[in-house]
Amino acid sequence: MAAPEDPELSQAQTEKLLQFQDLTGLESMDQCRRTLEQHNWNIEAAVQDRLNEQEGVPSVFNPPPSRPLQGLLGWSYYLIMLPFRFTYYTLLDIFRFALRFIRPDPRARVTDPVGDVVSFIHSFEERYGRAHPVFYQGTYSQALNDAKRELRYLLVYLHGDDHQDTNEFCCSTLCTEEVITFLNTRMLFWACSTNKPEGYRVSQALRENTYPFLAMIMLKDRKMTVVGRLEGVIQPEDLINQLTFIMEANQTYLTSELLEREERNQTQVLRQQQDEAYLASLRADQEKDRKKREEQEQRRQEEEKVRQSALAEERRRRTLEEEKERKSECLPPEPPADDPESVKIVFKLPSNARVERRFLFGQSLTVIYDFLFSLKETPEKFQIVTNFPRRVLPCLPTEEQPNPPSLKEAGLSRSEVLFVQDLTDD
């Protein structure tokens, strides 16, 4: 059955036309279109009128010749039988429902869906050969997820092993070269026998009426939707035409979804780039803050070092002053000039200043050193040197000479000039 290609039909009308054909089972597209046009494309009214015709109720567009009495008797019979028909079908549904608990269908329990599909493929190849469309070797749910992720059409085939038309469809249509090429290049193809639990479960979901049964599924309005159903024997050319028509009628949905995904991907990429730029900026700011903190810490340590050094220098200076003052207080008094044991010494300081004082011959050289140490002008570290012959006076105790010699023992005369040599830098 060729697909309608009337350019006057809108996409919505085309969808209603296919849906009406699926619901009513009419083969003729022209008849489906005439019925829908008679009902102003109201698919609910058209389907109801078609069902009325199948039950023997005349169509509202083909009324029988006017027979008032016969019409009145028919309606009376219908109204009288209505309660009985309602009761019958209600009890029948209850019986069927109870029967499912008493004798549950073994196919209703799916334990190995992948095994069911693989087993069907093996049995199919044993019966019809290996020349067939590529079967999706996975569960129905996996096929749906892959078709959704890849934005592809999914064609589902439910194989009725015991149906009289199954062999003809498989041999004359499904396994023909043109159908194999068409399906392999255009869509995913999932199939299973309804005698298998996985196939039975899918048949309950798709609610097929007869076999062979094909359902075209695609992502529409962000959910996987059945957009076409083909039931019964169909020739290869008609099958390809019908599937092509369904794909063309719904291509805009895939295109729209593809554009939305690209937009989402671009938005995601842009957001990722913005996040990366933000993180890079954040890391740069953190690195800048780290360096700033390090510099501040380094300056603080240097300042603390300078402060500690200044404090140490201040303590050392204060200690030196206290030591000078103590040494000055401990000095023996200066002897008078007419004392025969006195020695007059002139000291020449490193600053070229001259200091003069008298000492006694019997006093230790340490006294001379303490006197000079007590002076503010004297360096912190120094030694006393004679001019000629040049020699350093041993004024401080050592391990070899714990008690320094006296002025007389050092060979000093009554009048001397001694030089103070600065040792601070050394």
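Anything mentioned here points back to the structure above.
This one's a predicted model, so the numbers in the text were calculated from it and none came from an experiment.

## Some remarks on the overall build of the protein
Here is step 1: Each helix and strand in the protein was counted, giving 11 helices and nine strands.
Here is step 2: Each of the 426 residues in the protein was classed as buried or not, and the buried ones make up 35%.
Here is step 3: Sequence-distant contacts, at least 24 apart, represent 65% of the contacts inside the protein between residues at least 6 apart.
Here is step 4: For the protein, the computed accessible surface area is about 27,300 Å², with 51% contributed by carbon and sulfur atoms.

## What about a nonpolar patch on the surface?
Here is step 1: Nonpolar side chains collect at one region of the surface, where Y278, L279 and L282 lie side by side and expose about 290 Å² of accessible area between them.
Here is step 2: Examined against the element boundaries, L279 turns out to sit in helix α10 (residues 236-330).
Here is step 3: Taking relative accessible area as the criterion, L279 reaches 40% and is therefore assigned partly exposed.

## Here's the deal with the side chain of S342
Here is step 1: In this fold, S342 is placed in strand β5 (residues 342-348).
Here is step 2: Polar contacts involving the side chain of S342 include one to the main-chain carbonyl oxygen of D339, which spans 2.6 Å.
Here is step 3: Setting aside residues no more than four positions away along its own chain, S342 makes contact with P335, P336, A337, F359, L360, F361 and R414.

## Notes on the packing of helix α5 (residues 113-128) against helix α7 (residues 166-174)
Here is step 1: Axis separation between α5 and α7 bottoms out at 12 Å; the angle between their running directions is 75°. Here α5 lies roughly perpendicular to α7, going by the angle between them. Contact with α5, carried on its side by F124, R127 and Y128, involves T166, N167, C170, C171 and L174 of α7 and no other residues of that element.
Here is step 2: Of the residues that constitute the contact of α5 with α7, the class distribution is five nonpolar, two polar and one charged.

Cut-offs and rules
Residues numbered from 1 in each chain as written. Predicted model: local features only at pLDDT ≥ 70, side-chain atom pairs only at ≥ 80, totals over all residues. Heavy atoms only, no water. Helix = DSSP H or I, 4+ residues; strand = E, 2+ residues; numbered from the N terminus. Buried < 20%, exposed > 50% of the residue type's maximum accessible area, 1.4 Å probe, protein only. Contact = heavy atoms within 4.5 Å. Areas by Shrake-Rupley, 256 points an atom, 1.4 Å probe, with all protein chains shown as cover. Patch = residues over 30% accessible without salt bridge, like charges linked within 9 Å, V, L, I, M, F, W, Y side chains within 5 Å. Salt bridge = Lys/Arg side-chain N within 4 Å of Asp/Glu carboxyl O. Polar contact = N/O pair within 3.5 Å; in protein donor to acceptor, adjacent residues only side chain to side chain. Axes fitted to C-alpha atoms, helices over the stretch in contact; angles between N-to-C directions. Parallel < 35°, antiparallel > 145°, perpendicular 65-115°, else oblique. Nonpolar A, V, L, I, M, F, W, Y, C, P; charged D, E, K, R; others polar.

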